[in-house]
Amino acid sequence: MFESQYNDEMEAEVRRLEAQMRAINAGHPEWVNACAACGCELSGTNATTCEKCQ
């Protein structure tokens, strides 16, 4: 059980860091996430692209 919780937490942290890097690469380090294609701001860390770019 502990291992499963640890894995979930690590996956969430990786998603957060990847989202932060997309925002930094888009030129907005203050954002939580940015679209990988067009660079617009995204809320949350689960999506990598916006609805227009999907």
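Please read all numbers here as calculations on a predicted model, not as lab measurements. (Residues numbered from 1 in each chain as written. Predicted model: local features only at pLDDT ≥ 70, side-chain atom pairs only at ≥ 80, totals over all residues. Heavy atoms only, no water.)

A. Main features of the overall build of the protein. Regarding its fold elements, the protein presents one helix and two strands. If you list the helices and strands of the protein from N to C, you get α-β-β. A principal-axis box enclosing the C-alpha atoms of the protein has dimensions of 40 × 25 × 15 Å. Here the protein holds 54 residues, and 19% of them are scored as buried. For the protein, long-range pairs separated by at least 24 residues make up 12% of all intrachain contacts whose partners lie at least 6 apart in sequence. Surface exposure of the protein reaches about 4,100 Å², of which carbon and sulfur atoms provide 53%. If the 4 positive side-chain charges of the protein are averaged to one point and the 9 negative ones to another, these points end up 8 Å apart. (Helix = DSSP H or I, 4+ residues; strand = E, 2+ residues; numbered from the N terminus. Buried < 20%, exposed > 50% of the residue type's maximum accessible area, 1.4 Å probe, protein only. Contact = heavy atoms within 4.5 Å. Areas by Shrake-Rupley, 256 points an atom, 1.4 Å probe, with all protein chains shown as cover. Lys, Arg positive; Asp, Glu negative; His and termini not counted. Charge placed at Lys NZ, Arg CZ, Asp CG, Glu CD.)

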